[in-house]
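# Structural overview for review
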Amino acid sequence: MQEIDLRSDTVTQPTAAMRQAMYEAELGDDVYGEDPTVNRLEALAAERMGKEAALLVSSGTMGNLVSLLTHCGRGDEIIMGDKAHTFVSEAGGVSALGGIHVRTVPNLDDGMPDLAAMERAIRAENIHFPRTRALTIENTHNFCGGAVLSVEQMASVKRLAELRGLVVHLDGARIFNAAVALGVPVSDLAAQVDSVQFCLSKGLSAPVGSIIAGSADFIQGARRNRKIVGGGMRQAGIIAAAGIVALEQMVERLAEDHENAYRLALGLAEIPGIVIEPDKVKTNILFFGVEGDGVETTEVAAALTERGVLLAQTDPTRFRAVTHYGITAEDIDEALVRIAEAMRELAN
Ligand code: TLP
């Protein structure tokens, strides 16, 4: 039985073209700035984002951490949505390592932080208060079900930040999914923020790596902070080579992942005991619940694992499924057959 792994788009394997590019990559010591492949990836990424400069880091978590360390000093405050990945799932790194104070406001279902609450949360100058330095947003929004923020929504955060003398950081782990879903150049989204982090290793299928992009000054500071957190890598062109292929070959196909997620959502909606709103599915991430007397998510998860369908169990009542490179429409149909079978069995 073939396993269908929908836990995350982080499980993607590099393509044949990536493996070839990695094998052939020209290398140097990137801490000396001498790895030609890293330099090529950083230039390409900066150009795609419409920013002055870019920096390769090892992960999305490191990208957000290094960005926020660069914007903020100890005791400064950042404001973000309460479902932000940086708040929920990055081990509190900005506080643990940067002494940065995190303040949350409610995340709305569409992925936006409640903007009025964000505005109210910005501190006045007062010796009792931490200094608000940055607002952060996430696009697409993971824990809001892959929701997409439009250019206009992002611009509204930018306007607020400019008015109050703050910077905006974007956790754009899946920014290319947002750009493809909206049908806009990714640089239109990046133009709304001072810094952006995006992942090469999710839907774009590279094995390792994320990029930070921003002004030349910001990236110079980020390069130092990357060193501080131990992220200075040497012959990193091995990784960067796959990243170049990711940017050149793997962006347009994300539309296929979005179609597959919607196909999965429509199929799930037909299965008794599953609760999902397919019209909320905009990109490659979907969440669904299970209902029914005595039906527990742990039991459902076990029954699905037995049938080779892997999902992420995100809380006691919900599952997350993520579509990605390597998952076809046929795999989705097969997963639906197996999920329906498991739910029937559990209902009896
Ligand atoms: N997300 C992972 C898990 O941590 C949940 C996943 O499987 O989706 N920002 C966003 C929006 C993310 O979704 C993730 C990873 C990160 C940052 C962190 O990236 P990595 O895993 O490369 O550190």
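## Quick look at the pattern of salt bridges
According to the stated counting rule, one finds 16 salt bridges in the structure shown. One salt bridge in this structure joins Glu 77 and Arg 123, with 2.8 Å as the shortest N-O distance. Of the two residues, Glu 77 is situated in strand β3 (residues 76-81) and Arg 123 in the loop between α6 (115-121) and β5 (131-138); the sequence distance between them amounts to 46 residues. Ionic pairing is found between Lys 280 and Asp 109, a salt bridge with its closest N-O pair at 3.8 Å. Residue Lys 280 is found in the loop between β9 (274-275) and β10 (285-290), and its partner Asp 109 is found in the loop between β4 (101-105) and α6; the two are separated by 171 residues along the sequence. Of the residues examined, Asp 109 reaches a relative accessible area of 55% and is grouped as exposed.

## Some points on the sheet that holds strand β8 (residues 210-214)
Taken in spatial order, the 7 strands of this open sheet run β2-β8-β7-β6-β5-β3-β4, and their pairing is mixed. Both edges of this open sheet fall to β2 (53-57) and β4, since each of them pairs with a single strand only. In this sheet, neighbouring strand axes are inclined to one another by 20° on average, regardless of whether the strands run parallel or antiparallel. Inspection of the sheet shows strand β6 (residues 167-171) paired to strand β7 (residues 195-199) by 3 bridges, in the parallel sense.

## A closer look at the site of the ligand
Contacts to the ligand come from 14 residues, most closely from Ser 8, Thr 61, Asn 142, Asp 171 and Arg 174. One of the side-chain nitrogen or oxygen atoms of Lys 202 is found 2.9 Å away from an oxygen atom of the ligand. Protein chains shield 81% of the accessible area of the ligand, which is 510 Å² for the free molecule. A majority-of-atoms criterion places the ligand in the second largest pocket. In the shell around the ligand, the residues fall into 1 nonpolar, 7 polar and 6 charged.

## Focus: the domain arrangement of the protein chain
Partitioning the protein chain into structural domains gives domain 1 (10-249) and domain 2 (253-347). The C-alpha centroid of domain 2 is placed 29 Å from the C-alpha centroid of domain 1. Carbon and sulfur atoms make up 60% of the surface buried where domain 1 meets domain 2, a total of about 1400 Å² over both sides. Taken together, domain 1 and domain 2 are joined by 1 salt bridge. For the pair domain 1 and domain 2, the interface holds 3 residue pairs in polar contact (both at pLDDT 80 or more).

## Some remarks on the sheet that holds strand β12 (residues 312-315)
Strand order across the open sheet formed by 4 strands is β9-β10-β13-β12, with antiparallel pairing between neighbours. If you trace the sheet from one side to the other, it starts and ends with β9 and β12, each paired once. Two elements, β12 and strand β13 (residues 318-322), share 3 bridges in a ladder whose sense is antiparallel. Considered in β13, the bridge of Asp 315 is made with Arg 318. The sheet contacts of helix α12 (residues 254-269) involve β9, β10 and β13, and relative to β10 the element is tilted by about 15°.

Here is what the cut-offs are and how they apply
- Each chain carries its own residue numbering, running from 1 in the written order of its sequence.
- Confidence filtering applies because this is a predicted model: local features only for residues at pLDDT of at least 70, side-chain atom pairs given and counted only at 80 or more, and all residues used for totals across whole chains, interfaces and linings.
- The basis for every side-chain value is the complete set of heavy atoms in the structure, and neither hydrogens nor water enter the calculation.
- The term salt bridge refers to a pairing of a side-chain nitrogen on Lys or Arg with a carboxyl oxygen on Asp or Glu at a separation within 4 Å.
- Segments assigned H or I by DSSP are reported as helices when at least four residues long, segments assigned E as strands when at least two residues long, and all are numbered from the N terminus.
- Exposure classes here rest on a 1.4 Å probe applied to the protein chains alone. A residue is buried below 20% of its type maximum, exposed above 50%, and partly exposed in between.
- Whether two strands pair depends on DSSP finding at least two bridges between them.
- For helices, the axis comes from a line fit to the C-alpha atoms of the stretch in contact; other axes are also lines fit to C-alpha atoms, and the angle between any two N-to-C directions lies between 0 and 180 degrees.
- In these notes, residues near a molecule or strand are those with any non-hydrogen atom within 4 Å of it.
- N or O atoms closer than or at 3.5 Å make up a polar contact, with two conditions inside protein: a donor-capable atom paired with an acceptor-capable one, and, for residues adjacent in sequence, both atoms drawn from side chains.
- Using a 1.4 Å probe, the Shrake-Rupley method yields the accessible areas, and only the shown protein chains count as cover for residues.
- Grid points spaced at 1 Å over the protein atoms alone were grouped into cavities, where a 1.4 Å probe fits but cannot get out, and pockets, open sets with protein on both sides within 12 Å along at least five of seven lines, with lining residues defined by an atom within 4 Å of a point.
- By definition, a pocket or cavity contains a molecule when more than half of the molecule's atoms lie within 2 Å of the pocket's grid points.
- For this classification, Asp, Glu, Lys and Arg are treated as charged, while Ala, Val, Leu, Ile, Met, Phe, Trp, Tyr, Cys and Pro are nonpolar and the rest, including Gly, are polar.
- Source of the domain bounds: an automatic or database domain assignment.
- As used here, buried area is the combined drop in accessible area, with a 1.4 Å probe, of two parts when they are placed together.
- By the convention used here, residues are in contact when the closest approach between their heavy atoms is within 4.5 Å.

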